[in-house]
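Overview (structure and organization)
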Amino acid sequence: MVMHMSVEPGSVSKRACALTSPRNQETNTREDSHLNSSSMDSAWTAFDTETQTMLQTAMNDPKRVDMDKLSNAIVEQSLKDLSFCKDAGRLCYTVVQAESRKAASSVFRRKLLNRLQQEFTAREEIRKRSVEEWVCVVTFICSVFDYIKVNDAPVVALVDPIYDCLFRLAQPDALMNEEEVDCLVLQLHRVGEQLEQTNSQRMNQLFYLLRDGFLLQQDLGSMTRLLLLEILEFRASGWTLTETAHKYYYSEVAD
C-alpha cells in the first residue's frame with residue numbers, strides 16, 4: 001500500500017530528477033567496440049584535445065597510450081562534472097573492452113581501480129571540502145561498478161567501498177543534505193540489486209538505517225521523506241515498483 005504524503009510546493013522542481021532511475025538502462029545496449037554516437041560526442045567534448053587524442057588512440061591501439069594518465073584524466077573530469085560522471089562508467093567500459101580485445105591486457109582497469117581507491121580513502125576530506133565533489137565520487141564509483149564486469153561478474157573490490165559510501169550517505173547529517181539524499185537514492189536504483197546479490201547482510205543493515213532515518217529523524221524535509229519512502233518500497237518490492245506505486249511517486253515529482 002502506498003503511503004500518501006504532502007510535498008511542499010516548489011520543493012519538487014529542483015529535485016525532480018531524483019526519482020528517475022538509471023538502474024541498468026544500458027545493460028542490453030552496451031557495445032563492445034565503441035560508445036554510441038551521442039555518448040561518444042558528450043564524452044569527447046568534456047575533454048581537452050590531448051585527452052581526446054588519448055581516448056581515440058586507446059580505442060584503436062591501446063598499447064600506445066599511457067593508461068595511468070588516461071585514467072587520471074577521466075577521474076578528474078568526473079570529480080568536477082556530475083552530468084559527466086553519471087555515465088562515465090560507460091566510457092571506462094569501452095576503454096577496458098578495447099584494451100582487452102586489442103592488447104590482451106587490463107592496465108587501464110588496474111590504474112582506474114587504483115585511482116578510485118585513492119579517492120575512496122580520502123572520502124571524508126573530500127566531503128568536508130565539497131559535497132558536490134563527494135557526490136561525484138560516489139556517482140562515478142557506482143557508474144564504474146555498473147558497467148565494468150570481470151568474467152560477467154561485478155568487480156568485487158568495489159562492493160565494500162560502495163557500501164561504505166552509501167552508509168555515509170545514510171547518516172543523519174547527510175540525510176539533511178538534498179544533494180546527498182538524491183545521490184543515495186539514485187545509486188540504490190542503479191546498483192542496489194547488484195550489491196544485494198553480493199552482500200545481502202550489508203544491504204539489510206543499510207535499509208535498517210534508512211528506515212530509522214525515515215521514522216525517527218523528525219527534521220527531514222518532505223521531499224527527502226518521499227525519496228526515502230520510495231526507495232524503501234522499491235527494495236521491499238524486489239527492486240521494482242508496482243504500477244500503483246510508480247504512478248504515485250512519479251506523479252508527486254511531476255506535480
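We now turn to the structure provided with this report.

What counts and how
- All chains use their own residue numbering, which begins from 1 and follows the written sequence.
- Only residues with pLDDT of at least 70 get local features here, since the model is predicted, and only at 80 or more are side-chain atom pairs given and counted; chain-wide, interface and lining totals rely on the full set of residues.
- Just so you know, side-chain values use all the structure's heavy atoms and leave hydrogens and water out.
- To qualify as a helix, a DSSP run of H or I must reach at least 4 residues; to qualify as a strand, a run of E must reach at least 2; elements of each kind are numbered from the N terminus.
- The rule is simple: take the accessible area with a 1.4 Å probe, protein chains only, and divide by the maximum for that residue type; under 20% is buried, over 50% is exposed, in between is partly exposed.
- Note on contacts: a residue pair is in contact if any heavy atoms of the two residues lie within 4.5 Å.
- The salt bridge definition used is simple: a Lys or Arg side-chain nitrogen within 4 Å of an Asp or Glu carboxyl oxygen.
- Stacked, tilted and edge-to-face are the three classes applied to pairs of Phe, Tyr and Trp rings, where Trp contributes its six-membered ring and a pair requires centres within 6.5 Å; stacked means planes under 30 degrees apart, edge-to-face means over 60, and tilted covers the rest.
- To obtain each axis, a line is fitted to C-alpha atoms, and for helices this fit is confined to the stretch in contact; angles are then taken between N-to-C directions over 0 to 180 degrees.
- Three residue categories are used. Nonpolar comprises Ala, Val, Leu, Ile, Met, Phe, Trp, Tyr, Cys and Pro, charged comprises Asp, Glu, Lys and Arg, and polar comprises the others, including Gly.
- N or O atoms within 3.5 Å of each other form a polar contact, as long as, within protein, one can give a hydrogen and the other can take it, and as long as residues adjacent in sequence are counted only when both atoms are side-chain atoms.
- To estimate how far a helix should reach, multiply one less than its number of residues by 1.5 Å.
- To be clear, the arc concerns the directions from the helix axis to the C-beta atoms.

For the rest of this paragraph, the subject is the overall build of the chain. Looking only at helices and strands, the chain features 13 helices and 2 strands. Counting over 255 residues, the chain shows a buried share of 51%. A sequence separation of at least 24 residues applies to 72% of the contacts in the chain between residues at least 6 apart.

Overall, the coordinates contain 16 salt bridges when judged by the stated rule. Residue R168 is joined to E124 by a salt bridge in which the shortest nitrogen-to-oxygen separation is 2.8 Å. Remark: E124 occurs in helix α7 (residues 123–129) and R168 occurs in helix α9 (residues 159–169); sequence separation between them is 44 residues. By relative accessible area, which is 16% here, R168 ends up buried. Here E124 falls in the partly exposed class, since its relative accessible area comes to 29%. Across the salt bridge formed by E243 and K247, the nearest N and O atoms sit 3.2 Å from each other. Linking E243 with K247, this pair stays in helix α13 (residues 243–254), spanning 4 residues, or about one helical turn. Since its relative accessible area comes to 57%, E243 is described here as exposed. Taking the relative accessible area as the measure of exposure, K247 reaches 52% and is therefore exposed. What emerges from the salt-bridge pattern is a single network uniting E124, R127, R168, D173 and E180.

What follows is about the packing of aromatic side chains. For the structure on display, the rule yields 4 aromatic pairs. Consider the rings of Y93 and Y147, whose centres lie 6.5 Å apart with planes at 45 degrees: the pair is tilted. One end of the pair, Y93, is in helix α5 (residues 88–103); the other, Y147, is in helix α8 (residues 131–147), with 54 residues separating them in the sequence. Across the pair, exposure class does not vary: Y93 and Y147 are buried alike. Judged by centre distance (5.9 Å) and plane angle (80 degrees), the rings of F234 and W239 are edge-to-face.

Let us look at the packing of helix α10 (residues 178–198) against helix α11 (residues 200–216). Each packed pair of helices is defined by two parameters, the angle between the axes and the distance between the axes. Where α10 contacts α11, the axes come no closer than 8 Å and their chain directions differ by 145 degrees. Together, L184, L188, G192, L195, E196 and T198 of α10 and S200, M203, N204, L206, F207 and L210 of α11 make up the contact between the two elements. In the contact of α10 with α11, the residues fall into 7 nonpolar, 4 polar and 1 charged.

What follows deals with the side chain of T94. Following the sequence through the fold, T94 ends up in helix α5. Since its relative accessible area comes to 1%, T94 is described here as buried. There is a polar contact of 2.9 Å between the side chain of T94 and the backbone oxygen of R90.

To continue, consider helix α6 (residues 107–121). Over its 15 residues, α6 extends 21 Å from the first C-alpha to the last, a length consistent with the 21 Å expected when each residue adds 1.5 Å. Buried within α6 we find F108, L112, R115, L116, E119 and F120. Each buried residue of α6 sits inside an arc of 145 degrees when the element is viewed along its axis, so together they form one side. Looking at the buried residues of α6, the elements they touch are α3 (67–80), α5, α7, α8 and α9.

In this section: the environment of S71. Along the polypeptide, S71 turns up in helix α3. Along the primary structure S71 and V107 are separated by 36 residues, whereas in three dimensions their C-alpha atoms are 9.8 Å apart. Excluding its chain neighbours within four sequence positions, the residues that come into contact with S71 are F108, K111 and L112.

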